[in-house]
Amino acid sequence: MTTSLRSALKEQLDSLTPPPADLELVVRRGKRRRQVRRAGTAAVVAGVAAALVVPLTGRLGGPEQNSSASDYASIGRLDLDAGLRAYADPGGEIHLGGRTFDAADLEYLDTDATATAFGVVFYDRGRPMLLGESGEVTALVEGPVESSGGSSSSSCVISCRSFHPTAKADSQAPLVAWATLHDGTATLTVRDMSTGEDAGSLDVACGDCDDLVIDALDEGFVFFRTSEGTRIWEVGRDVSFAFAGPQTRVADVRSGVLLYDGPAPRTAEADRYLTIPAPIDAQLTFDGRYILDWSSVLQNTRAGDRPVRLDEGPTKRGALGFWNIDTDGSVLVATLTGEYPQYTVFDCEIPTGRCAEVGPLEPTGGDPMFIGNDM
Amino acid sequence: VHQRGVDVAVSDEAQPDALLGRDADFSEFFHAVRPRLFRTALAIAGDHGLAEDALQSALIKAYSSWHRVRAADHPEAYVRRIVVNELLGSRRHGWWHRERPHERVEPGTLTSPEGGVVQRLTLWQAVQALPVRQRAVVVLRYYEDLTEVQIAEVLGCSRGTVKSQASDALATLRRNSGLHLNDLGEGATR
């Protein structure tokens, strides 16, 4: 007697009645997801000339101690359907969500700013700000904050060190992490951007905290580094663990895969991750399956997968090209397509490697730059 | 889709007609593909809740990137890939990535009129006991009728990996079901 595997599956599955469909729910959440993505990008809607009429000089010349959203002019909404696509000719123009803006008007969006699915997070004198979907800039934290080590910015005239903790977005949850400094205490905060509620906060004893850096945020786990080493803060349970010593740098963490530079982390917490040595500026795709490292060939992290080769951009490390993981998980590539410095920016899908042209870029102020990426 | 770098992105509110068209397109697609995709998801997940969650998440992503999905050569295949990757990539449900404890199921008296049914049930249970990636390969090959190349694209791996996963899966099925599969895995005999 013979039984077919095909018919066994067919018999079990075709007779099955799927649960009731809820199209309305899917559309509602799909729209929200789109809006969340757009919010993140809204920043540069530069194309709206009217917005540009309102100069940002108010912010530039604003009061030193009281950075606020009102210091920023609205730039209107952006279409983030295909990700933020935040790239720039330093000092020339900035591109966000398919629009072009004069870099002078958005000079706060540099490699220290962080492109997220909810907008661009940047720091204004120690205060985390969000350039959101609407094109409005909002302060993520109210109240007093400081931008440098020491209890008072007025106390450090010459040797004042900067507080540059960066911000990070979770690719698996609607979470963004940042840090603030006040009265000698650094506070890490993780906010659920879909609700606007804080998921948690953690005070960190870090002295002047000039060396406090948030290296990654993955599935609600924040990786932060001080002079004593890297720790993991599990936001959901509000507990933190030692992860690695001060010589180890976490380059990126996505979906349980962790890239590090320096000595391998040897704590028990490290066993929860697939740890892979990599250059400090390497990045992971959102699913953690591929490593982006200065090449259009992305190496696989798991046995059984194969590298992804993008349709555009140089495939040899060291060749002239620039890459970044976009806020929707695709890969942005700036590659020479004419005589130097005539670049074209492409948006490439993972894992197919298929690329679509975003637009030309001919930098006059340096190498092509991706917002939130100092690679 | 991927816009060139100048101007004119308009909000949802400003394009009601376009959105109506978008929703109508998506609605048609949703109802057409959902039953099949759910069955595939269930076969891979082995759990109604996980399958439903993965499918819903994939459809939400599809809606939010509808311009990309619609522009794909095969929109259903595009979304199926999202579903499968949702299932394979979910660390939150890591427990089911591991091979499940499997109690060997004896197919009973195969000479009875119900023998074929029992065999197929046995085979189904053995499929459900496979490691998840092998299970995905089997479901995509024998339920979705995809080629090795197409499966490789869905899973983001090489064709060779698909072949070896399929081979391992068939060997495990033979071992755990007590049935004898032929070389192609098309049939099982006892």
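The rules behind the values
Sequence order sets the numbering: in each chain, residues are counted from 1 along the sequence as written. Each chain is given a letter, starting from A, and each ligand a number, starting from 1, according to the order in which they appear as written. Owing to the predicted nature of the model, reporting of local features is limited to residues with pLDDT of at least 70; listing and counting of side-chain atom pairs is limited to 80 or more, with chain, interface and lining totals taken over all residues. Side-chain measures here rest on the full set of heavy atoms in the structure, leaving out hydrogens and waters. Nonpolar cores were defined as sets of buried Ala, Val, Leu, Ile, Met, Phe, Trp, Tyr and Cys residues, with membership established by side-chain atoms within 4.5 Å. Between buried and exposed lies partly exposed: a residue is buried under 20% and exposed over 50% of the maximum accessible area for its type, with that area taken using a 1.4 Å probe on protein chains only. Numbering of helices and strands runs from the N terminus; a helix is a DSSP stretch of H or I covering at least four residues, while a strand is a stretch of E covering at least two. At least two DSSP bridges between two strands are needed for those strands to be called paired. Lines fitted to the C-alpha atoms define the axes, with helices restricted to the stretch that makes contact. Angles between their N-to-C directions range from 0 to 180 degrees. Throughout, a disulfide means two cysteine sulfur atoms within 2.5 Å of one another. The charged-residue count follows a simple rule in which Lys and Arg add positive charge and Asp and Glu add negative charge, with His and chain termini not counted at all. When a carboxyl oxygen of Asp or Glu lies within 4 Å of a side-chain nitrogen of Lys or Arg, that pair is called a salt bridge. Here a polar contact is taken to be a pair of N or O atoms separated by no more than 3.5 Å, where protein atoms must pair a possible hydrogen donor with a possible acceptor and residues adjacent in sequence count only if both atoms sit in side chains. To estimate how far a helix should reach, multiply one less than its number of residues by 1.5 Å. The arc in question is the one traced by the directions running from the helix axis out to the C-beta atoms.

Caption draft 1: Spotlight on the nonpolar core. Counting 62 residues, the largest nonpolar core has Leu5(A), Leu9(A), Phe26(B), Val79(B), Val138(B) and Leu155(B) as the members making the most contacts within it. By size, the runner-up hydrophobic cluster in this structure holds 23 residues, among which are Leu298(A), Phe322(A), Val358(A) and Phe370(A).

Caption draft 2: The arrangement of the pairing of strand S11 (residues 185-192) of chain A in detail. Residue and element names in this part refer to chain A. When you tally the buried positions in S11, you get 7 out of 8 residues, the bulk of the element. Here strand S10 (residues 175-182) folds back onto S11, and the loop between the two strands holds 2 residues, one of which, Asp183, carries a positive phi near 55°. Both S11 and strand S12 (residues 197-204) contribute to a ladder of 7 bridges, which runs antiparallel. Opposite Leu188, over in S12, you have Leu202 as the bridge partner. The loop that links S11 with its antiparallel partner S12 comprises 4 residues; one of these, Gly196, has a positive phi angle of about 80°.

Caption draft 3: Layout of the pairing of strand S17 (residues 249-254) of chain A. Residue and element names in this part refer to chain A. In terms of residue burial, S17 counts as a mostly covered element, since 5 of its 6 residues are buried. Relative to strand S18 (residues 257-261), S17 runs antiparallel, the two sharing 5 bridges. Following the sheet pairing, Val250 is matched in S18 by Tyr260. The turn joining S17 and S18, which pair antiparallel and follow one another in sequence, is formed by 2 residues; a positive phi near 50° is taken by Ser255.

Caption draft 4: Examining the sheet that holds strand S15 (residues 229-234) of chain A more closely. Residues and elements named next belong to chain A. Ordered in space as S13-S14-S15-S16, the 4 strands form an open sheet in which the pairing is antiparallel. With one partner strand each, in any of the chains shown, strand S13 (213-218) and strand S16 (239-244) form the two edges of the open sheet. Here the average twist between neighbouring strands, direction ignored, is 25°. Pairing geometry for S13 and strand S14 (residues 221-226), over 5 bridges, is antiparallel. Residue pairing for S14: Ala216 is matched across the bridge by Phe223.

Caption draft 5: Local environment of the state of the cysteines. Residue and element names in this part refer to chain A. A full pass over the atoms with the stated rule returns 1 disulfide over all chains. Note that Cys348 is cross-linked by a disulfide to Cys355, the S-S spacing being 2.1 Å. A torsion of 105° about the S-S bond marks the disulfide between Cys348 and Cys355 as right-handed.

Caption draft 6: Seen up close, the side chain of Asp170(A). All names here are of chain A. Among the secondary structure elements, Asp170 is positioned in the loop between strand S9 (168-169) and S10. The side chain of Asp170 is buried and forms no salt bridge, while Arg254, the nearest opposite charge, is found at 5.4 Å. A polar contact of 3.4 Å, which involves the side chain of Asp170, links it to the backbone nitrogen of Ala173. Within the structure, Asp170 has its side chain in polar contact with the backbone nitrogen of Glu219 (distance 2.6 Å).

Caption draft 7: Summary view of helix H8 (residues 159-177) of chain B. Residues and elements named next belong to chain B. Between its first and last C-alpha, H8 extends 26 Å over 19 residues, near the 27 Å set by a 1.5 Å rise per residue. By the burial criterion, the buried members of H8 are Thr161, Val162, Gln165, Ala169, Leu170, Thr172, Leu173, Asn176 and Ser177. Buried positions in H8, seen along its axis, are confined to an arc of 165° and lie on one side of it. Backbone geometry just downstream of H8 places Gly178 in the positive-phi region, at approximately 75°.

Caption draft 8: View of helix H7 (residues 148-155) of chain B. Residues and elements named next belong to chain B. By the burial criterion, the buried members of H7 are Ile151, Ala152, Val154 and Leu155. For H7, the buried positions fall inside an angular range of 160° around the axis, keeping them on one side. Within two residues after H7, Gly156 carries a phi angle of roughly 70°, on the positive side.

Caption draft 9: Local environment of the pattern of salt bridges. Tallied over the full model, the rule gives 18 salt bridges over all chains. One salt bridge connects Asp198(A) with Arg191(A), and the closest N-O pair in it is separated by 2.6 Å. Judged by relative accessible area, Asp198(A) falls into the partly exposed class, the value being 43%. Of the charged contacts in the structure, one is a salt bridge between Glu144(B) and Arg36(B), with a shortest N-O distance of 3.4 Å. Of this pair, Glu144(B) sits in the loop between helix H6 (132-142) and H7 while Arg36(B) sits in helix H1 (residues 16-45); the two residues are 108 residues apart in sequence, bridging distant segments of the chain.

Caption draft 10: Spatial organisation of the sheet that holds strand S19 (residues 274-277) of chain A. All names here are of chain A. Here 3 strands make up an open sheet; going across it, the order is S17-S18-S19 and the pairing mixed. On the outer flanks of this sheet lie S17 and S19, each paired with one strand and no other. Recorded for the sheet is a direction-independent mean angle of 25° between the axes of neighbouring strands.

Caption draft 11: Region of interest: unusual backbone geometry. Residue and element names in this part refer to chain A. Here the bond from Tyr340 into Pro341 is cis, since omega is 5°, no more than 30 degrees from zero. Tracing the backbone shows Pro341 in the loop between strand S25 (331-336) and strand S26 (343-348). Cis geometry marks the peptide bond from Ile350 to Pro351; its omega dihedral reads 10°. Tracing the chain through its elements places Pro351 in the loop between S26 and strand S27 (355-361). Positive phi outside glycine occurs at Arg85, with the angle close to 45°. Looking at the secondary structure, you find Arg85 in the loop between helix H4 (57-60) and strand S2 (87-89). At Ser255, a position not held by glycine, the phi torsion is positive, near 50°. For Ser255, the location among the structural elements is in the loop between S17 and S18. Looking at Ser255, the relative accessible area reads 6%, which means it is buried.

Caption draft 12: Expanded view of the side chain of Gln283(A). All names here are of chain A. On the secondary structure map, Gln283 appears in strand S20 (residues 283-284). With a relative accessible area of 13%, Gln283 lands in the buried category. Polar contacts involving the side chain of Gln283 include one to the side chain of Asn324, which spans 3.1 Å. Reaching out from Gln283, the side chain makes a polar contact with the backbone nitrogen of Ile325 at a distance of 3.4 Å.

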